[in-house]
Amino acid sequence: MIPTPYYRIDLAAIAKNMAVIDQLCAASGAKALLALKCFATWPAFDAMRDHMAGTTSSSLYELRLGAEKFGKETHAYSVAWAEDEIDEAVGHADKIIFNSIGQLERFEDRASSIQRGLRLNPGISTSGFDLADPARQFSRLGEWDPAKIEAVLDRISGFMIHYNCENADFELFDRQLAEIEARFGDLMMRVEWVSLGGGIHFTGKGYPVDKLAARLKAFADRFGIQVYLEPGEAAITGTATLEVSVLDILDNGKRLAIVDSSVEAHMLDLLIYRLPAKMETSGSHSYQICGKSCLAGDIFGDFTFANELKVGDRLSIADAAGYTMVKKNWFNGVKMPAIVLRDPDGTERVMREFGYADYAASLG
Ligand SMILES: Cc1ncc(COP(=O)(O)O)c(C=O)c1O
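All of the points below concern the structure found in this document. (Residues numbered from 1 in each chain as written. Predicted model: local features only at pLDDT ≥ 70, side-chain atom pairs only at ≥ 80, totals over all residues. Heavy atoms only, no water.)

All right, on to the side chain of D133 then. Note that D133 resides in the loop between β6 (115-119) and α5 (146-150). Despite its burial, D133 pairs with no opposite charge; the closest candidate is R136, at 6.4 Å N-O. One polar contact links D133 to S125, side chain to side chain, over a distance of 2.6 Å. Setting aside chain neighbours within four positions, we find D133 in contact with S125 and S127. (Helix = DSSP H or I, 4+ residues; strand = E, 2+ residues; numbered from the N terminus. Buried < 20%, exposed > 50% of the residue type's maximum accessible area, 1.4 Å probe, protein only. Lys, Arg positive; Asp, Glu negative; His and termini not counted. Salt bridge = Lys/Arg side-chain N within 4 Å of Asp/Glu carboxyl O. Polar contact = N/O pair within 3.5 Å; in protein donor to acceptor, adjacent residues only side chain to side chain. Contact = heavy atoms within 4.5 Å.)

Before going further, it helps to spend a moment on the packing of aromatic side chains. With the rule as written, the count across this model stands at 8 aromatic pairs. Their ring planes at 65 degrees and their centres at 5.2 Å tell us that F45 and F70 sit as a pair that is edge-to-face. One end of the pair, F45, is in the loop between β2 (31-35) and β3 (54-56); the other, F70, is in helix α2 (residues 60-70), and 25 residues separate them in sequence. The class of F45 is buried, set by a relative accessible area of 0%. According to the relative accessible area criterion, F70 is buried, its value standing at 3%. Of the aromatic side chains, those joined through ring pairs into one cluster are W330, Y356 and Y359. Stacked on the ring of W42, the Lys or Arg K69 has its end atom at 3.9 Å from the ring centre. Taking NZ or CZ as reference, K95 lies 5.5 Å from the ring centre of W193, over its face. (Phe/Tyr/Trp six-rings, centres within 6.5 Å; stacked < 30°, edge-to-face > 60°. Lys NZ or Arg CZ within 6 Å of the ring centre and 35° of its normal.)

As a further point, take a nonpolar patch on the surface. Together, F129, L131 and I272 give the surface a local cluster of nonpolar side chains, amounting to about 250 Å² of exposed area. In this fold, L131 is placed in the loop between β6 and α5. By relative accessible area, L131 is classed as exposed at 53%. (Patch = residues over 30% accessible without salt bridge, like charges linked within 9 Å, V, L, I, M, F, W, Y side chains within 5 Å. Areas by Shrake-Rupley, 256 points an atom, 1.4 Å probe, with all protein chains shown as cover.)

Residue P5 is reached from T4 by a cis peptide bond, and omega for that bond is 0 degrees. Along the chain, the position of P5 falls in the segment before β1 (6-10). Of note in the backbone geometry, D319 takes a positive phi value of approximately 55 degrees without being a glycine. Checked against the element boundaries, D319 lands in the loop between β14 (314-317) and β15 (338-342). Although it is not a glycine, Y323 sits at a positive phi angle of roughly 55 degrees. When its relative accessible area of 25% is taken as the criterion, Y323 is described as partly exposed.

Grouped together as the largest cluster of nonpolar side chains are 99 residues, with contacts concentrated most on M48, W81, I96, F159, L196 and I289. When neighbours within four sequence positions are excluded, F159 is seen to be in contact with L118, L120, I149, L153, L187, M188, V191, W193, V194 and S195. Of all hydrophobic cores here, the second largest spans 8 residues; its members include L33, Y77, M160 and Y228. (Core = buried A, V, L, I, M, F, W, Y, C linked by side-chain atoms within 4.5 Å.)

Another aspect to go through is the sheet that holds β2. If you walk around this closed barrel you meet the 8 strands as β2-β3-β4-β5-β6-β7-β8-β9, and the pairing is parallel. Geometrically, the sheet is characterised by an average inter-axis angle of 25 degrees between neighbouring strands, direction not taken into account. The pairing of strand β5 (residues 95-98) with β6 spans 4 bridges and is classified as parallel. In the strand pairing of β6, I97 is matched with G117. (Pairing = 2+ DSSP bridges. Axes fitted to C-alpha atoms, helices over the stretch in contact; angles between N-to-C directions.)

If you want it as structure tokens, here you go:
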């Protein structure tokens, strides 16, 4: 048995999501780029490459990883490129998307060998959480003013607009895209491509993929553009678990089980967004599942189990792919989970283990 903790990526589950991406892209003409900020575990890229047009990035290193490990079309985006990054970035990318007119003007000459784009901020989003709302007040994410954008239109060939956040509501997507068409339509008539970013939850159960495809096709036809999508979460939702073992059981007025992992170190987004972990269990024995870091609130959540838990029991925490492996860290020096691929026939292959040398190397 593979020792815990480890992240287990289920290739059959990835294949299911990829089939939806195939369906959506074939019916709409859109191209799907994997958003590496969400998922960059490159040993899994072989299962995705034939279904996605390439990758998009949020930094030089993500960009390079996309170019080297995924290949195909590579979009470069950064909130702000540094002077010493731009030439290398251009060397890896097919398209570079500037976040501001200032960055476009500063670097356009050095990016003249590839296509240039600009991030637009439509002033609306589906995010209910200020921390992650790209349209929040004073947002630095993209240009807002159509008049200013029009003045630089001859220097770019496309736009990127990211404004959805795990949006499972097609009608809302449809309404907001109509608002964007009204606000930026004149500009979109004059470019070749528009990326609508990520955050559309089209691989979720019951999502009307056909309606989305038709809407994207109508959008592309109206403006004569190539549409891109940048799915992160939608590409890998439901495809990975964090496998852990129980190390200790306590009863402090509530039964607690401490596992060989840490929310802070291995599933940080749960703490940031104040969400409980997901685990498919049920029964009459309730436990709070706790991490082994010294942080008092390092708690995965409260769950019930069919049997009493005991030391050595294995638990499987769901949804461990998106914004999880990309954010793992060495807090408390807790052993970092290995990365394991699960083949469709059930075989588990360890792709990477982390040890003390990795911990030490990350600090000096
Ligand atoms: C520009 C851009 N593209 C794509 C994504 C991926 O979004 P998601 O993982 O929700 O699909 C994000 C997420 O923040 C983003 O900022």
